[in-house]
Amino acid sequence: PNMAAPAALHLAEMRWATQPALAGLKHLNRLEQVLAAAEYKEAGLDEAVMLDQAGQVISVVAGNLFVVSGGEILTPGLHHCGILGTRRDLVIRRWAPSLGLAVRECTLDIAQLEEADEVFYSNSLVGLRPVASFGRRRWLAHTICDALYRQYREELK
């Protein structure tokens, strides 16, 4: 399959609850995600950025977020909330290194997201999906995401 069309992102008002005991785990309590998904669907957009209680970027509703900035791939650390996705792990451990790129886990704020050279997200349904817009910010080029998607497709063969 071809890579999904670049996504238009909304900023979710719903935030991830802080619960270190559950951070990283995929579990059945998805109420925050259900409510955040209703927000972006009502706004007519494809996905939404979810923040933690401190206002830091954590993920999109149904996936892990990556930001390309200054030639580096950044992704939020998920120590207090969020889900450690299987595709996130593959980007970090296999696909990015195979391109000679490293992924750094760090704290990300909205300004860093808006200033990024490129943004994409991963999940088990789409693999990787580039981001076209977040609020007024637009991204036309998705070079890193395209290269990572080729790695993903190679692995599926």
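From a predicted model like this one, the values you see are computed outputs, not experimental measurements.

## Some words on the overall build of the protein chain
The number of helices and strands found in the protein chain is four helices and nine strands. Moving toward the C terminus, one meets the helices and strands of the protein chain in the order β-α-β-β-β-β-α-β-α-β-β-β-α. Taking all 157 residues of the protein chain together, the buried fraction comes to 45%. A separation of at least 24 residues holds for 67% of the contacts in the protein chain among residues at least 6 apart in sequence.

## Overview of the packing of aromatic side chains
Any two aromatic rings considered together are summarised by their centre-to-centre distance and by the angle between their planes. Under the defined criterion, the tally for this structure stands at three aromatic pairs. Residues Phe66 and Phe120 carry aromatic rings whose centres are separated by 5.0 Å and whose planes lie at 10 degrees to one another, so their mutual orientation is stacked. Here Phe120 lies in strand β7 (residues 118-123) and Phe66 lies in strand β4 (residues 64-69), a separation of 54 residues in the sequence. The exposure class assigned to Phe120 is buried, which follows from its relative accessible area of 0%. Arranged with centres 5.4 Å apart and planes meeting at 55 degrees, the rings of Tyr149 and Tyr152 form a pair that is tilted. Of this pair, Tyr149 and Tyr152 are both found in helix α4 (residues 143-156), three residues apart, which corresponds to roughly one turn of the helix. Each member of the pair, Tyr149 together with Tyr152, is buried. Here the aromatic residues Trp95, Tyr149 and Tyr152 are joined through ring pairs into a cluster of three or more.

## Points about the pattern of salt bridges
If you walk through the whole model with that rule in mind, you get five salt bridges. In this structure, Arg104 engages Glu72 in a salt bridge whose closest nitrogen and oxygen atoms are separated by 2.9 Å. With Arg104 in strand β6 (residues 103-106) and Glu72 in strand β5 (residues 72-76), this pair connects stretches of sequence that are 32 residues apart. For Glu72, a relative accessible area of 29% translates into the label partly exposed.

## Quick notes on the environment of Ile73
Looking at the element boundaries, Ile73 is found in strand β5. For Ile73, a relative accessible area of 1% puts it in the buried group. For the pair formed by Ile73 and Glu118, sequence separation is 45 residues and the distance between their alpha carbons is 9.2 Å. Each residue touching Ile73, except ones within four places of it in the same chain, is listed here: Phe66, Val67, Val68, Ala96, Leu101, Ala102, Val103, Arg104, Phe120, Ile144 and Leu148.

## Digging into α4
Given a rise of 1.5 Å per residue, 14 residues ought to cover 20 Å, and the 20 Å separating the end C-alpha atoms of α4 matches this to within 8%. Those residues of α4 lying buried are Ile144, Cys145, Ala147, Leu148, Tyr149 and Tyr152. For α4, the elements touching its buried residues are β4, β5, α2 (86-98), β7 and β8 (127-134).

## Digging into the packing of α2 against α4
Closest axis-to-axis distance for the α2/α4 pair is 10 Å, and the angle between their directions is 100 degrees. If you check the angle between α2 and α4, you find them roughly perpendicular. On α4, the residues that touch Arg87, Leu90, Val91, Arg94, Trp95, Ala96 and Ser98 of α2 are Leu148, Gln151, Tyr152 and Glu155. Residue classes in the contact of α2 with α4 are distributed as six nonpolar, two polar and three charged.

Rules used throughout
Residues numbered from 1 in each chain as written. Predicted model: local features only at pLDDT ≥ 70, side-chain atom pairs only at ≥ 80, totals over all residues. Heavy atoms only, no water. Helix = DSSP H or I, 4+ residues; strand = E, 2+ residues; numbered from the N terminus. Buried < 20%, exposed > 50% of the residue type's maximum accessible area, 1.4 Å probe, protein only. Contact = heavy atoms within 4.5 Å. Phe/Tyr/Trp six-rings, centres within 6.5 Å; stacked < 30°, edge-to-face > 60°. Salt bridge = Lys/Arg side-chain N within 4 Å of Asp/Glu carboxyl O. Expected span 1.5 Å × (residues − 1). Axes fitted to C-alpha atoms, helices over the stretch in contact; angles between N-to-C directions. Parallel < 35°, antiparallel > 145°, perpendicular 65-115°, else oblique. Nonpolar A, V, L, I, M, F, W, Y, C, P; charged D, E, K, R; others polar.

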